[in-house]
Structures are given as C-alpha cells and as structure tokens.
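The primary structure of each chain is shown beneath.
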Amino acid sequence: LTPAAQVALPKMRRRLPRSDLAPKEAIRLIEAVDTRSPLGMRDRAIIELLYGTGMRNAELRALTLADIGERTLAIRAGKGGKDRVVPLGAIAAAALSDYLQQARPKLTRRDGVHNIFLTKNGMPLDCFAVINAVRRAAKRAGLKKHLYPHLLRHACATHMLKGGADIRHIQKLLGH
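Residues numbered from 1 in each chain as written. Predicted model: local features only at pLDDT ≥ 70, side-chain atom pairs only at ≥ 80, totals over all residues. Heavy atoms only, no water.

**Q** Kindly report on the overall build of the chain, identifying the contributing residues and their values.
**A** Helix and strand counts for the chain stand at seven helices and two strands. Put simply, the chain runs from its N terminus to its C terminus through helices and strands in the order α-α-α-β-β-α-α-α-α. Each principal axis of the C-alpha distribution contributes one length, and for the chain these read about 65 × 35 × 30 Å. Per-residue burial for the chain yields a buried fraction of 42% across its 176 residues. Counting contacts in the chain only where the partners sit at least 6 residues apart, residues at least 24 apart contribute 56% of the total. With an accessible surface of roughly 10,800 Å², the chain has 55% of that area assigned to carbon and sulfur atoms. Of the side chains in the chain, 32 bear a positive and 14 a negative charge, and the two mean positions are spaced by 7 Å. (Helix = DSSP H or I, 4+ residues; strand = E, 2+ residues; numbered from the N terminus. Buried < 20%, exposed > 50% of the residue type's maximum accessible area, 1.4 Å probe, protein only. Contact = heavy atoms within 4.5 Å. Areas by Shrake-Rupley, 256 points an atom, 1.4 Å probe, with all protein chains shown as cover. Lys, Arg positive; Asp, Glu negative; His and termini not counted. Charge placed at Lys NZ, Arg CZ, Asp CG, Glu CD.)

Have a look at this one:
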C-alpha cells in the first residue's frame, strides 16, 4: 500500500443535468406527431409520457396495463430496483387514454402481451423503437437538435425546476 492510497479524495460536486430543449421546442416536438394512425397515436403518448413524467426509456417500455392508476403510473423496478408512482398530467393522461382506447386494440395481435406500448406486430417495444419515435417527431417538428428519450427526461426536470418545483419533488419523480 502506498501512503497516498489512504488519502480520501475530495467529493466532486455533481451538476444537475441540463436540457437544451426549450419548453416551446418540447411543445413543437409533441405536436409534430401525426396521430391519424395507431402508431402515431402510440408515438404521441410515448413522447407525452417521457416529457411529462421524466421516466426512462426502459421504464416506459416495461409499463403494463396493470401499472395504470387514476392519473398515475406505477413504475416497477426502475433503475436501482426502485418502485415509484408518478403523476400523469391531464394532457399526458388524455394521450395515453386515446392510445389505449383507439390504437392499442388495433396493434394487439396475441394474448398474454400486457405491455402498454406495442409494435405494429403486437410485440413489446425495444429501446430503438422509442428512440426512433422521438427522432421522427423531431424531424417533423423541424428541430435540428439531436433528440433522444433521455433528453426528454432532462427537459422535464429542467423545466420543472425553472417553473419553481421543489428539487426534492423532482428527485422523487425521477426516482433518485
């Protein structure tokens, strides 16, 4: 053992992640989704939930019909194995409801698949399906930024913080 091995290193201050997605751009992104098809309705609900709840890509894909509550979603075994319940705003809840009532039945192909979000073949989404939904919306919105699902998580937190939300509330929402 060297003498320096016993010296405690100073703790580095962690900076809050920042989002370079402005609130107006987030609205443009959401509104750019063409909801005239079942997949479009699905993509709109996906983007609404990612931005409105700050959930991770994997958490969104793991959601099942049993996780839907009264204006809430139960996120089971999030990062670190933590469970949490996140509130759904009125607009995100409406987009999810529209998808569940009008689009999901058209995508369902087999019994036993309980995931909320499905591919055109009725299977649960993989991570790239969510990434591509965000990228398609960004392209339609004319946003030149490199957007991906986790950026919407950062945007959710940043916009809530700038709007005056308590940091502890945001941390709880995000599962920290």
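**Q** Residue-level account of the pattern of salt bridges, with values.
**A** The tally for this structure, following the rule as stated, stands at eight salt bridges. For the salt bridge of Arg-84 with Glu-59, the shortest nitrogen-to-oxygen distance reads 2.9 Å. Here Arg-84 is found in strand S2 (residues 84–87), whereas its partner Glu-59 is found in helix H3 (residues 57–62), with 25 residues between them in sequence. We note that Arg-84, like Glu-59, is buried. In this structure, a network of salt bridges that share partners links the residues Arg-42, Asp-43 and Arg-136. (Salt bridge = Lys/Arg side-chain N within 4 Å of Asp/Glu carboxyl O.)

**Q** Give a description of the confidence of the model for the chain that names residues and reports values.
**A** In the predicted model, the chain carries a mean pLDDT of 90, and 93% of its residues have values of at least 70. Predicted confidence in the chain is weakest over helix H7 (residues 167–174), with a mean pLDDT of 89, and strongest over helix H2 (residues 38–53), with 97. (pLDDT = per-residue confidence, 0-100.)

**Q** Just give me the short version of the packing of aromatic side chains, but keep the residues and values in it.
**A** A full pass over the atoms with the stated rule returns one aromatic pair. Ring geometry for Tyr-99 and Phe-117: centres 5.2 Å apart, planes at 25°, overall stacked. With Tyr-99 in helix H4 (residues 90–107) and Phe-117 in the loop between H4 and helix H5 (127–141), this pair connects stretches of sequence that are 18 residues apart. (Phe/Tyr/Trp six-rings, centres within 6.5 Å; stacked < 30°, edge-to-face > 60°.)

**Q** Describe H4, listing the residues and the values that go with them.
**A** Over its 18 residues, H4 runs 24 Å from end to end, which matches the ideal 26 Å to within 8%, given 1.5 Å per residue. Within H4, the full set of buried residues consists of Ala-92, Ala-93, Ala-95, Leu-96, Tyr-99, Ala-103, Arg-104 and Leu-107. Looking at the buried side of H4, the elements it contacts are H2 and strand S1 (72–75). (Expected span 1.5 Å × (residues − 1).)

**Q** How would you summarise the side chain of Arg-56 if you had to cite specific residues and measurements?
**A** Its location among the elements puts Arg-56 in the loop between H2 and H3. The residues contacting Arg-56, other than those within four sequence positions of it, are Leu-50, Lys-79, Arg-84, His-150, Arg-153, Leu-174 and His-176.

**Q** Which residues make up the packing of H2 against H4, and what values go with them?
**A** At their nearest, the axes of H2 and H4 sit 8 Å apart, and the two run at 150° to each other. Between H2 and H4, the crossing angle belongs to the class labelled roughly antiparallel. The way H2 lies across H4 gives a crossing that is left-handed. Residues Pro-38, Leu-39, Met-41, Arg-42, Arg-44, Ala-45, Glu-48 and Leu-49 of H2 pack against Ile-91, Ala-92, Ala-95, Leu-96, Asp-98, Tyr-99, Gln-102, Ala-103, Lys-106 and Leu-107 of H4. Classifying every residue of the contact of H2 with H4 by side-chain character gives twelve nonpolar, one polar and five charged. (Axes fitted to C-alpha atoms, helices over the stretch in contact; angles between N-to-C directions. Parallel < 35°, antiparallel > 145°, perpendicular 65-115°, else oblique. Left-handed = near helix turned anticlockwise from the far one by under 90°. Nonpolar A, V, L, I, M, F, W, Y, C, P; charged D, E, K, R; others polar.)

**Q** Quick rundown of the nonpolar core? Include the residues and the values.
**A** Side chains of nonpolar character tend, in soluble globular proteins, to be buried together. One finds Leu-49, Tyr-99 and Phe-117 to be the most contacted residues of the largest nonpolar core, which totals 45 residues. For this core, the secondary structure elements donating two or more residues are helix H1 (23–31), H2, S1, H4, H5 and helix H6 (149–162). Once residues within four sequence positions are removed from consideration, Phe-117 is found in contact with Arg-42, Ala-45, Ile-46, Leu-49, Leu-60, Leu-96, Tyr-99, Met-123, Pro-124 and Leu-125. (Core = buried A, V, L, I, M, F, W, Y, C linked by side-chain atoms within 4.5 Å.)

**Q** Run through unusual backbone geometry, naming residues and quoting values.
**A** Most peptide bonds take the trans configuration, and most residues that are not glycine carry a negative phi. If you check the backbone angles, Arg-71 has positive phi at about 60° while not being a glycine. One can find Arg-71 in the loop between H3 and S1.

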